[in-house]
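Structural overview
Residue strings, one per chain:
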Amino acid sequence: MENEYIVAPPLISENNPFGIILSGITYENPNYSIERCGMNIFTAEYVISGRGYIELDGKKYVAEAGDTYILNYNKRQYYYSDKVQPWKKIWFNANGVLLSEAVRIYGLDKNVVFKGVDTYGYLKKILKICENNAFSAEEINRKCSGVYIEMLGYMAECTVCTEEIRNEAATLKKYIDLHTEKNISVSELAKLIYRSESQTIRIFKQSFGKTPYEYLLENKLLRAKNIIQNTNVSVKEVAYRLGFADEHYFSSVFKRKTGSTPTEYRKIR
């Protein structure tokens, strides 16, 4: 199999606001790398599998399966595949003022990599249009520009949703941090962000890799360790302060999570 499948549609005037140069698919190749310096080429790519890296303006970004990235023109563009898990991606290169202006208008110009934003369907449409020999250069670019604008609209929606979810997760975490000694229910958390209980659990886990209950329990046990190590407060009082049903249940949970009972843990301080 070739390392790349490339379609080069008929070229259009450089003064056109949107002009496709190339479209294609890059297959897994650990030696893949592209470097451009100040060229008038705009790039939009979606990583199907694997991962790779982008170096831009002195920063390094990681793009992996499920991510989209956009590289504006008139900048040094250097991007390359991971050696161990080389990426497979679908992409297009183009030029014209519409490309960067639309990115700016949709508020996407501050990002390079859009994590978890799946643009495969849009880029596949653009590739299919470029493959169609029945279309003239003008038709190809008109159709591709329409798909491109739709893609940016979708990306903008995803970015807003991602930011909203991130803020909601932060609200939940802050509440748990401030109320570690309480027994916080999922319904209580759900009311904070006006979501269902299942959505609340999913939002928290998506951001922190654990459920609200798991995070709360970790906080309780960390608080318990600090109290046990640094005070002479009884195990019964620690259990009461942290909202456990009784000292026996607390001791059972403590030992399961730490490998020792609260009394044993106190002896090794």
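Residues numbered from 1 in each chain as written. Predicted model: local features only at pLDDT ≥ 70, side-chain atom pairs only at ≥ 80, totals over all residues. Heavy atoms only, no water.

1. Brief notes about the pattern of salt bridges
Applying the stated criterion across every chain, the model contains 15 salt bridges. One salt bridge in this structure joins Glu131 and Lys128, with 4.0 Å as the shortest N-O distance. Of this pair, Glu131 and Lys128 both sit in helix α2 (residues 120-131), separated by three residues, roughly a single helical turn. Taking the relative accessible area as the measure of exposure, Lys128 reaches 49% and is therefore partly exposed. Ionic contacts of the salt-bridge type, sharing partners, join the residues Arg51, Glu64, Asp67 and Lys115 into one network. (Salt bridge = Lys/Arg side-chain N within 4 Å of Asp/Glu carboxyl O. Helix = DSSP H or I, 4+ residues; strand = E, 2+ residues; numbered from the N terminus. Buried < 20%, exposed > 50% of the residue type's maximum accessible area, 1.4 Å probe, protein only.)

2. Some words on unusual backbone geometry
Positive phi, normally seen in glycine, also occurs at Asp57, with a value near 55°. Examined against the element boundaries, Asp57 turns out to sit in the loop between β5 (51-56) and β6 (59-64). Taking relative accessible area as the criterion, Asp57 reaches 59% and is therefore assigned exposed. Phi is positive for Tyr194, close to 55°, though the residue is something other than glycine. Take Tyr194: it is sitting in the loop between α4 (186-193) and α5 (197-208). For Tyr194, a relative accessible area of 76% gives the class exposed.

3. Regarding the sheet that holds strand β10 (residues 113-114)
Across the sheet, which stays open at both edges, the six strands sit in the order β1-β2-β9-β4-β7-β10 with antiparallel pairing between neighbours. Looking at strand neighbours, the two that pair on one side only are β1 (4-7) and β10, the edges of this open sheet. Of the strand pairs in this sheet, β1 and strand β2 (residues 19-26) are connected by four bridges, and their pairing is antiparallel. Across the sheet, Tyr5 pairs through a bridge with Ile25, a residue of β2. α2 contacts β1, β2, β4 (42-49) and β9 (88-95) of the sheet and is inclined by roughly 115° relative to β2. (Pairing = 2+ DSSP bridges. Contact = heavy atoms within 4.5 Å. Axes fitted to C-alpha atoms, helices over the stretch in contact; angles between N-to-C directions.)

4. Remarks on the side chain of Ser260
Note on placement: Ser260 falls in the loop between α8 (247-258) and α9 (262-267). When residues no more than four places from it in sequence are discounted, the contact partners of Ser260 are Phe254, Lys255 and Tyr265.

5. Considerations on α2
The α-helix advances 3.6 residues per turn, and as a result positions three or four apart in sequence lie on the same side. For α2, with twelve residues, the first-to-last C-alpha span of 16 Å sits near the 16 Å given by 1.5 Å per residue. Of all the residues in α2, the buried ones are Tyr122, Leu123, Ile126, Leu127, Ile129 and Cys130. Down the axis of α2, the buried set is contained in an arc of 160°. They therefore lie on one face. (Expected span 1.5 Å × (residues − 1). Arc of directions from axis to C-beta.)

6. Observations concerning the packing of helix α6 (residues 212-230) against α8
It is at 11 Å that the axes of α6 and α8 come closest, and there the two elements cross at 100°. Of the possible angle classes, the one that applies to α6 and α8 is roughly perpendicular. Of α8, the residues touching α6 (which contributes Tyr213, Leu217, Leu221, Ala224, Lys225 and Ile228) are Tyr249, Phe250, Val253, Phe254, Lys257 and Thr258. The residue makeup of the contact of α6 with α8, split by class, is nine nonpolar, one polar and two charged. (Parallel < 35°, antiparallel > 145°, perpendicular 65-115°, else oblique. Nonpolar A, V, L, I, M, F, W, Y, C, P; charged D, E, K, R; others polar.)

7. Considering the sheet that holds β5
Spatial ordering of the open sheet is given by β3-β8-β5-β6, a layout of four strands whose pairing is antiparallel. Of all the strands in the sheet, the pair left with one neighbour each is β3 (33-36) and β6. Each strand of the sheet is rotated relative to its neighbour by a mean of 15°, with strand direction disregarded. Pairing geometry for β3 and strand β8 (residues 77-81), over four bridges, is antiparallel. Paired with Glu35 across the bridge in β8 is Tyr78.

8. So, the packing of aromatic side chains
A full pass over the atoms with the stated rule returns 20 aromatic pairs. Here Phe42 and Tyr73 contribute two aromatic rings whose centre-to-centre distance is 6.3 Å and whose plane-to-plane angle is 65°, an arrangement assigned as edge-to-face. Of this pair, Phe42 sits in strand β4 while Tyr73 sits in the loop between β7 (68-71) and β8; the two residues are 31 residues apart in sequence, bridging distant segments of the chain. The burial state of Phe42 is the same as that of Tyr73; both residues are buried. Joined through ring pairs, the aromatic side chains of Phe18, Phe42, Tyr73, Phe92 and Tyr148 make up one cluster. A cation over a ring is seen here: Lys60 above Tyr53, with NZ or CZ 4.7 Å from the ring centre. The ring of Phe244 has Lys220 sitting right over it, with the charged end atom 6.0 Å from the ring centre. (Phe/Tyr/Trp six-rings, centres within 6.5 Å; stacked < 30°, edge-to-face > 60°. Lys NZ or Arg CZ within 6 Å of the ring centre and 35° of its normal.)

Keep in mind these values describe shape, not function.
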